[in-house]
Structures are given as C-alpha cells and as structure tokens.
Amino acid sequence: MPYRYLDDIAIADAAFEAWGGTLEEMLLAAADAAINVMVGNLDAIAAVAHRHFTLEESQLDMLLFQILQELVYYKDAERLLLRVRNARVMQYPDRWTAEVDASGDFINAEIHELVTDVKAVTLHRLRVQQTSRGWYATVVLDT
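Here's a quick rundown of the structure.

Parameters and conventions
Residue positions within a chain follow its written sequence, with the count starting from 1. Under the rules for a predicted model, residues below a pLDDT of 70 receive no local features and side-chain atom pairs below 80 are neither given nor counted, while totals for whole chains, interfaces and linings still include all residues. Only hydrogens and water are set aside when side-chain values are computed; all heavy atoms of the structure are taken into account. To qualify as a helix, a DSSP run of H or I must reach at least 4 residues; to qualify as a strand, a run of E must reach at least 2; elements of each kind are numbered from the N terminus. Any helix carries an expected span of 1.5 Å times its number of residues minus one. Relative accessible area decides the class of each residue, using a 1.4 Å probe on protein chains only: under 20% of the type maximum gives buried, over 50% gives exposed, and in between gives partly exposed. Pairing between two strands is assigned when DSSP locates at least 2 bridges connecting them. Throughout this description, the term salt bridge denotes a Lys or Arg side-chain nitrogen within 4 Å of a carboxyl oxygen of Asp or Glu. An axis is simply a line fitted to the C-alpha atoms; with a helix, the fit covers only the stretch in contact. Between two such axes, the angle follows the N-to-C directions and lies from 0 to 180 degrees. Should any heavy atoms of two residues lie within 4.5 Å, those residues are considered in contact.

Observations concerning helix α2 (residues 60-78)
Here is step 1: With 19 residues, α2 should reach 27 Å at 1.5 Å per residue; the first-to-last C-alpha distance of 27 Å fits that figure.
Here is step 2: Turning to α2, its buried residues number three or more, namely L60, L63, L64, F65, I67, L68, E70, L71, V72, Y74 and K75.
Here is step 3: Positioned one or two residues after α2, R79 has a phi angle of 55 degrees, which is positive.

With respect to unusual backbone geometry
Generally, phi is negative for residues other than glycine and the peptide bonds are trans, each holding for most cases.
Here is step 1: Residues other than glycine seldom take positive phi values, yet R79 does so here, at roughly 55 degrees.
Here is step 2: On the secondary structure map, R79 appears in the loop between α2 and β4 (80-92).
Here is step 3: On the basis of relative accessibility, which here comes to 48%, the residue R79 falls in the partly exposed class.
Here is step 4: Its identity as a non-glycine residue notwithstanding, R125 has a phi of 60 degrees, on the positive side.
Here is step 5: As for its placement among the helices and strands, R125 is situated in the loop between β6 (120-121) and β7 (127-131).

Notes on the pairing of strand β2 (residues 14-20)
Here is step 1: Of all seven residues that make up β2, six are buried, and the element is covered over most of its length.
Here is step 2: Inspection of the sheet shows strand β1 (residues 3-5) paired to β2 by three bridges, in the antiparallel sense. Looking at the pairing, R4 lines up with E17 of β2.
Here is step 3: The pairing of β2 with strand β8 (residues 134-142) spans seven bridges and is antiparallel. Residue pairing across strands places F16 opposite V139, the latter belonging to β8.

Brief notes about the pattern of salt bridges
Here is step 1: Scanning the model with the defined rule gives six salt bridges in all.
Here is step 2: The partner of D32 in a salt bridge is R83, with the nearest N and O atoms 2.8 Å apart. Of this pair, D32 sits in helix α1 (residues 23-38) while R83 sits in strand β4, and the two are 51 residues apart along the sequence. For the pair D32 and R83, a shared accessibility class is recorded, and that class is buried.
Here is step 3: As a salt-bridge pair, R95 and D94 come within 3.1 Å of each other at their nearest N and O atoms.
Here is step 4: Take D94: its relative accessible area is 53%, and that puts it in the exposed class.
Here is step 5: Shared partners join several salt bridges into a network, and the residues in it are E56, D94 and R95.

Examining the sheet that holds β4
Here is step 1: A sheet is described by the order of its strands in space; here three strands give the open sequence β3-β5-β4, paired in antiparallel fashion. Every interior strand has two partners, whereas the edge strands, β3 (49-57) and β4, have only one. If you compare each strand with its neighbour and ignore which way they point, the axes differ by 15 degrees on average.
Here is step 2: Strand direction decides the pairing type here: β4 and strand β5 (residues 95-106), joined by 12 bridges, are antiparallel. Looking at β5, one finds that V84 is bridged to A102.
Here is step 3: The strands that α1 touches are β4 and β5; relative to β4, the one it contacts most, it runs at about 155 degrees.
Here is step 4: Packed onto the sheet, α2 meets β3, β4 and β5 and runs at close to 145 degrees relative to β3.

Structure follows, in structure tokens:
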C-alpha cells in the first residue's frame, strides 16, 4: 500500500501521504487513498463502469487536486466509486496535463464497506514533490 493516513494533520478531516517511484504511480496511490477513505475494501469495487477524463493545470499540485476532485464529483453526481487504473501525465512549459482512465462500481451498501463521505479535496497542506526516492504527495480531504 503506497500511502498512509496522517492523524496529526487534520482532526475532523482525513489526511494522507501517497508515494510512488514515478509521478503516475504516486497519482494512482493518492487516488486509491482517497477512495479508501470512503470504502474500507477497495477490492469490492468492481470495474463495471469506465470513465476517461483529461485535465490541465498550471501547477502539479493543482493537477492532483483536480484528479481527486473528479473522483469526488463522480461519487456525488453518479454514485460511482472510481479507481484510477491508468494516468499519463505530460509537462509543458506552461502547464501540466493528465489523461486519466478510471473504472469502478456504483455505490451499493450491501457490497461496499462504506466508511465516510468525502465532501471535497482541500488545499490545506496540499503538496506534491519529487525527491531522489520518487514522488510524494500530501492531501487533506474534507469529510
């Protein structure tokens, strides 16, 4: 599990740190961490529905924000729990873009171990950084 929850950052919200050897691996880990806040067993989310979205931001941390916010949007608008299966990130001189493929299942309390409802991704302590060991992100979710 390439993420861990941080109890000392936000009392009423959920916070986590995600990492990966590549930027894309870190994004997938962050997406799983966000969904795992809502659903206790990620393996219970079958791949019955698919969504593809393209996002663009001037800053990398805001690109992560938008990706996670898309997951919250689909959960609210379509009652669809999505797991990011593939993400392709490109850097340009003035922006970052992401092509994201996600699949998931419609919320079913009999199948999914629902934990808490994420209302939004916050900007509080949002951070993405590259180190010599890979990519790391810190995220706080409003629950």
